[in-house]
Structure formats: C-alpha cells, structure tokens
Amino acid sequence: MTNTKTGHTPLPWQSVEATDGAIAFIGNSDHGPIGWLRQSGTNSEEENATNIEFILSACNSYEALLEACRFTLLVMRTILVMRTNDDDIKQHERMAIAMLEAAIAQAEKKTP
C-alpha cells in the first residue's frame, strides 16, 4: 500500500537488521524492506548506521517540513501584501518567498 498523496510507502519508516548483516529500512509493519544499506569496504559500521538514521530522519520529517514551508509561505505572502513601504524588507521577503516556492516545488516533484 502506498501513500495516496505522495505515492511512496507510508511513513514513518524504520530500520531493521537484515539476516545478511545489512541494514534494511521499511515503511511500517505492513511492508517488507524497501531499501538496504550494506557494509562496504570504505564505510565503517558506525558510519552506515549514521547514514541510515539520516535517510530515515529526512524521510520521516518530509511531511512536517513541507507543511511548515507551506504555512511560512502563506505568512510571508500575507506580510508582503500588507506592507506599503520599506523596499529593502520587501526585497528580502520576495527572496524568502521564492526560496520557499522552489523548496515546495522540489518536494512536490514539480521541478527537477
């Protein structure tokens, strides 16, 4: 079963140790492994564990970060409309809005 909104395996994801010593990450108890991180000759076991935690953290915080960006974008647009002077502040607000729009578009896969 996929997340109908995003098309990926539902969150939160978690890690489990696979039988061959690799670290697997799974969507939830209803899903089997969706990815593995295997020990390589150059990465330590500690680095692999840290890498998988980074991947899981990024995946599991995706929806909250996207929602925070959307809310901040709404607030920034409202503030920009309400201001009638101080062009320096408006320029920075427009830059913030552009950055938020780009981040949201990338997260929603509307841009490469």
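In the block above lies the structure referred to throughout.
Chemist: Hey, could you go over the overall build of the protein chain for me, with residue numbers and the actual values?
Modeler: When you go through the protein chain residue by residue, the secondary structure sums to two helices and three strands. With 112 residues in all, the protein chain has 24% of them scored as buried. Counted over contacts in the protein chain with a minimum sequence separation of 6, partners at least 24 positions apart contribute 36%. If you sum the accessible surface of the protein chain, you get close to 8,000 Å²; carbon and sulfur atoms cover 59% of it.

Chemist: Can you break down the pattern of salt bridges residue by residue, with the values?
Modeler: Following the criterion strictly, the structure yields three salt bridges and no others. Where R70 meets E67, a salt bridge forms, and the shortest distance between an N and an O atom there is 3.7 Å. Here E67 and R70 lie together in helix α1 (residues 45–82), a separation of three residues that amounts to about one turn. What makes R70 partly exposed here is its relative accessible area of 27%. Look at the salt bridges and you will find they share partners, linking E67, R70 and E108 into a network.

Chemist: Can you tell me about α1, naming the residues and giving the values?
Modeler: Within an α-helix, residues lying three or four positions from one another point in the same direction, as the helix has 3.6 residues per turn. Taking 1.5 Å as the rise per residue, α1 with 38 residues should run 56 Å; its terminal C-alpha atoms sit 54 Å apart, in good agreement. At Y62, α1 shows its largest bend, some 50°. Every buried residue of α1 is listed here: N48, I52, L56, L66, L73, M76 and L80.

Chemist: I'd like a rundown of the nonpolar core, residues and numbers included.
Modeler: Core analysis: the largest hydrophobic core is formed by seven residues, namely L66, L73, M76, L80, I97, L100 and I104. Sequence-distant contacts of L73, that is, excluding residues within four places in its chain, are made with I97, L100, E101 and I104.

Chemist: Lay out a nonpolar patch on the surface with the relevant residues and their values.
Modeler: The grouping of F71, L74 and V75 at the surface amounts to a nonpolar patch, some 290 Å² of accessible area in total. With respect to the helices and strands, V75 occurs in helix α1.

Chemist: If you had to explain the environment of L11 to someone new, which residues and values would you point to?
Modeler: For L11, the location among the structural elements is in the segment before β1 (14–17). The partly exposed category is assigned to L11, whose relative accessible area is 22%. Residues L11 and N60, spaced 49 residues apart in sequence, show a C-alpha to C-alpha distance of 6.1 Å. Residue contacts for L11: discarding those within four places in its chain leaves C59, N60 and E63.

Procedures and definitions
Residues numbered from 1 in each chain as written. Predicted model: local features only at pLDDT ≥ 70, side-chain atom pairs only at ≥ 80, totals over all residues. Heavy atoms only, no water. Helix = DSSP H or I, 4+ residues; strand = E, 2+ residues; numbered from the N terminus. Buried < 20%, exposed > 50% of the residue type's maximum accessible area, 1.4 Å probe, protein only. Contact = heavy atoms within 4.5 Å. Areas by Shrake-Rupley, 256 points an atom, 1.4 Å probe, with all protein chains shown as cover. Salt bridge = Lys/Arg side-chain N within 4 Å of Asp/Glu carboxyl O. Expected span 1.5 Å × (residues − 1). Bend = angle between axes of the 7 residues up to and from the residue. Core = buried A, V, L, I, M, F, W, Y, C linked by side-chain atoms within 4.5 Å. Patch = residues over 30% accessible without salt bridge, like charges linked within 9 Å, V, L, I, M, F, W, Y side chains within 5 Å.

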